[in-house]
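Topology and contacts: notes
Here is how the chains run, residue by residue.
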Amino acid sequence: MRGIGVGTGSAAGPVARMAPPPPLPAPRAVGDPAAEAAAIRAALGAVVTDLGERAARAGGPGSEVLTAQALMAADPVLADRAAALAEQGTDGPHALAAAFDGFRAELVAAGGYFAERAADLDDLRDRAVAQLLGLPVPGLPDPGHPYVLVADDLAPADTALLDPQRVLALVTVRGGPTSHTAILAKALGVPAVVGCADAADLADGRRVLVHGTDGMIELDPAPEAVERAADRERRRRERLTGYQGPGRTADGHPVALLVNLGAPHELAGAAAADAEGVGLFRTEFLFLDRAEAPSLAEQATAYRQVFAAFAGRRVIVRTLDAGADKPLPFATSADEENPALGIRGLRTAARDPQLLETQLAAIAEAARDSTAQVWVMAPMVSIPREAAEFAARVRAHGLPLAGAMIEVPAAALRADRLAEVCDFFSVGTNDLAQYTFAADRTLGSLAQLLDPWQPALLTLVATAAGSAAEHGRPIGVCGEAAADPALALVLVGLGVTSLSAAPASLPEVRAALATHTLAECRELAALALLADDATTARSRVRSSMTAP
Ligand code: PEP
Ligand code: MG
């Protein structure tokens, strides 16, 4: 099977599939209401037992989440309501769904902490309905041994509980090179193949060998093939241990190597990584799955933890990037026809200024007690006025460095004007590709257009980097492009001054930089810009590189 390779290396193991939520069958007449009610109670009991067992195996914070969910499922009022509906003639699945939906509405109405649990109830409803119908339990599998996770696609909420010790590799049917799955795979440091339509037919337990570099999946691999892949992986890791410390080209030109950080469980690994700081702190995790924004105090606590872990180092905080692939009930509207082109990113702050004010106040409060060098940047900046207003608000909170992400073509084209009003840039190549090629970044079928080697995308990076240099402004890349060692050389050749990626991607990037001079990076950049298409750009640059 073939899809789009993400991350490096290969891994073999048995498939465990993520089951989708069960569809509610058409309503049916109930012959024996008492039996229907008993089946409902049994299904809820099975959910409680299953969650309890998972909690015992999970340990740590994952265990607490699962135990809390088991307690909700064990609530007798819930079982009584569903059973009462069944006794009045509603079939089991619909009685369960109605009882859960009623509970959900009450929680949402209660607001605050309770409302934030609404998503947990949806998950419980799906589990209970699946138990009742004898279907696989939805959500992350737990086969009791390490596995290759196969899913249709992965959303951030699916992956919060994903155990990096158990997931050997990721394979998704949908998704492109900049989808959440791709970002997650790099964060976990595991190989992944995304956009692999054939993976829809992969059965649980089937052994596969997943190659993240070229997107191949071998079915039922021979033991020798698995051993060869493991051997290649060992040699690759050994080779990389020879390169450490701050990023530099072979002739000593500094290129800061930074980490992307998107969830609390990534913090320890990110802080321990050989990196000069955080190039992209995605703050959305604090806001996801909630009915209202977190308070100033709660945000400040979360930011303080990150700043403490990176004491003395740079932390670039990105303010809330809601909308499109990260919808939030309190920040984005559900009725936009084209959410990727709607009120998202910094635009949500224009509609609800208090959201940004609270976040900036929390960042400033956390930064005050810390030695971390805190830089703050806005997502989805389109025009200089937005950047100027944002920078003024950041500075009003006593935060000295305000930047703009360059992820809309207009911002790249007018970076000279943006540079007059803000202190630094960070190029988000994931969205910049989406908007340059009018190609939804979540669609695997558009992967060719979203390829970060597209010369048009590189031309925009070159334009922005040229403007940044003229104004003496640092310009980083924090999209997935920065994780590709060959492309990293091209980006440096185009004038990029820092690269930010998942910690697991940095050693390869560091080694590539250490074995090429700045002049060589510039030559490689020129080769890529002259190519007619992404494939040619990639192969020309790769064949002209010196192997580290
Ligand atoms: C990007 O768009 O490249 C980026 C880094 O931001 P995100 O992936 O979080 O949208
Ligand atoms: Mg983006």
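Residues numbered from 1 in each chain as written. Chains lettered and ligands numbered in written order. Predicted model: local features only at pLDDT ≥ 70, side-chain atom pairs only at ≥ 80, totals over all residues. Heavy atoms only, no water.

Turning to the overall build of the protein, a few remarks are in order. Helices and strands together make up the secondary structure of the protein, namely 23 helices and 15 strands. For 548 residues, the compact-globule estimate of 2.2 N^0.38 gives 24 Å, and the protein sits close to it at 24 Å. Along the longest, intermediate and shortest principal axes, the C-alpha atoms of the protein span 80 × 60 × 40 Å. Within the protein, the fraction of its 548 residues that count as buried is 51%. For the protein, contacts bridging at least 24 residues in sequence account for 67% of all contacts bridging at least 6. In the structure as shown, the protein presents an accessible area of about 22,300 Å², 56% of it carried by carbon and sulfur atoms. For the protein, the distance from the average site of its 47 positive side-chain charges to the average site of its 66 negative ones is 5 Å. (Helix = DSSP H or I, 4+ residues; strand = E, 2+ residues; numbered from the N terminus. Rg over C-alpha atoms; globule rule 2.2 N^0.38 Å. Buried < 20%, exposed > 50% of the residue type's maximum accessible area, 1.4 Å probe, protein only. Contact = heavy atoms within 4.5 Å. Areas by Shrake-Rupley, 256 points an atom, 1.4 Å probe, with all protein chains shown as cover. Lys, Arg positive; Asp, Glu negative; His and termini not counted. Charge placed at Lys NZ, Arg CZ, Asp CG, Glu CD.)

Moving on, we get to the sheet that holds strand β14 (residues 475-477). If you walk around this closed barrel you meet the 8 strands as β8-β9-β10-β11-β12-β13-β14-β15, and the pairing is parallel. Strand-to-strand twist across the sheet, computed as the mean angle between neighbouring axes with direction ignored, equals 25°. By the bridge criterion, 3 bridges tie strand β8 (residues 256-261) to strand β9 (residues 277-282) in an arrangement that is parallel. Of the residues in β9, the one forming a bridge with L261 is F281. Where helix α11 (residues 296-309) meets the sheet, it contacts β8, β9, β10 (314-318) and β11 (373-378), and its direction lies at approximately 150° from that of β10. Strands β12 (401-406), β13 (424-427) and β14 of the sheet are contacted by helix α19 (residues 455-470), whose axis makes an angle of about 150° with β14. (Pairing = 2+ DSSP bridges. Axes fitted to C-alpha atoms, helices over the stretch in contact; angles between N-to-C directions.)

Octahedral metal centres with six donors ideally show angles of 90 or 180 degrees, and tetrahedral centres with four donors ideally show 109.5 degrees. Coordination of the magnesium ion (ligand 2) by the protein comes from E407 (OE) and D431 (OD), over a distance range of 2.0 to 2.2 Å. Taken as a pair, E407 in the loop between β12 and α15 (409-413) and D431 in helix α17 (residues 429-436) lie far apart in primary sequence, 24 residues in all. Given a relative accessible area of 2%, D431 falls into the buried group. (Donors = N, O, S within 2.8 Å, 3.2 Å for Na, K, Ca; no water.)

Strand order in the open sheet formed by 7 strands is β1-β5-β4-β3-β2-β6-β7, with mixed pairing between adjacent strands. Strands with a single pairing partner mark the edges of an open sheet, and in this sheet they are β1 (4-6) and β7 (217-219). Ignoring strand direction, the axes of neighbouring strands in this sheet form an average angle of 30°. Sheet analysis places strand β2 (residues 10-17) next to strand β3 (residues 147-151), joined by 3 bridges and oriented parallel. Bridge pairing links V15 to V148 in β3. Packed onto the sheet, helix α9 (residues 223-240) meets β2, β6 (207-211) and β7 and runs at close to 30° relative to β6.

As a structural note, the neighbourhood of ligand 1 is formed by 14 residues, with R282, R318, G428, N430 and R441 the closest of them. E407 is positioned with one of its side-chain polar atoms (N or O) 2.9 Å from an oxygen atom of ligand 1. T429 places a main-chain nitrogen or oxygen 3.1 Å from an oxygen atom of ligand 1. Of the residues forming the shell around ligand 1, the biggest block, 3 residues, is contributed by α17. (Near = heavy atom within 4 Å. Polar contact = N/O pair within 3.5 Å; in protein donor to acceptor, adjacent residues only side chain to side chain.)

Looking now at the packing of α19 against helix α20 (residues 485-494). Closest axis-to-axis distance for the α19/α20 pair is 9 Å, and the angle between their directions is 40°. Judged on the interaxial angle alone, α20 and α19 are oblique. Residues L458, V461, A462 and A465 of α19 pack against L487, V490, L491 and L494 of α20. (Parallel < 35°, antiparallel > 145°, perpendicular 65-115°, else oblique.)

Glancing now at the domain arrangement of the protein. Assigned domains of the protein: these are domain 1 (4-18 + 139-239), domain 2 (33-133) and domain 3 (242-544). Relative placement of domain 2 and domain 3: their C-alpha centres are 40 Å apart. (Domains from an automatic or database assignment.)

Attention shifts here to the pattern of salt bridges. Inspection of every chain in the model, using the stated rule, returns 32 salt bridges. The partner of R174 in a salt bridge is D152, with the nearest N and O atoms 2.9 Å apart. Separated by 22 residues along the polypeptide, R174 in the loop between β4 (167-172) and α8 (180-188) and D152 in the loop between β3 and α7 (156-159) bring together distant segments of the chain. In this structure R174 comes out as partly exposed when scored by relative accessible area, which is 45%. Close ionic contact of R304 with E365 constitutes a salt bridge, the shortest N to O distance being 3.2 Å. Placement of R304 in helix α11 and of E365 in helix α13 (residues 353-368) is noted, with a sequence separation of 61 residues between them. (Salt bridge = Lys/Arg side-chain N within 4 Å of Asp/Glu carboxyl O.)

What follows concerns the nonpolar core. The biggest cluster of nonpolar side chains holds 99 residues, and the ones touching the most others in it are F307, F425, V490, L491 and L499. Once residues within four sequence positions are removed from consideration, F307 is found in contact with V315, V317, I363, A366, A367, S370, A372 and V374. (Core = buried A, V, L, I, M, F, W, Y, C linked by side-chain atoms within 4.5 Å.)

Here we take up the pairing of β4. Here β4 lies mainly inside the structure; 5 of its 6 residues are buried. Pairing of β4 with strand β5 (residues 192-194), which is carried by 2 bridges, proceeds in the parallel orientation. Note that in β5 the partner of L170 across the bridge is A192.

For the rest of this paragraph, the subject is the packing of aromatic side chains. Counted by the stated rule, this structure contains 4 aromatic pairs. Look at F287 and F330: their rings are 6.4 Å apart centre to centre, the planes differ by 35°, and that puts the pair in the tilted class. Placement of F287 in the loop between β9 and α11 and of F330 in the loop between β10 and α12 (347-351) is noted, with a sequence separation of 43 residues between them. Taken individually, F287 and F330 each receive the classification buried, so the pair is uniform in this respect. (Phe/Tyr/Trp six-rings, centres within 6.5 Å; stacked < 30°, edge-to-face > 60°.)

Structurally, T249 is set in the loop between α9 and β8. One polar contact links T249 to D251, side chain to side chain, over a distance of 2.6 Å. Within polar-contact distance, the side chain of T249 engages the backbone nitrogen of H253 at 2.9 Å. When neighbours within four sequence positions are excluded, T249 is seen to be in contact with V255, V492, L513, A514, H516, T517, L518 and C521.

Its identity as a non-glycine residue notwithstanding, M380 has a phi of 60°, on the positive side. With a relative accessible area of 1%, M380 lands in the buried category.

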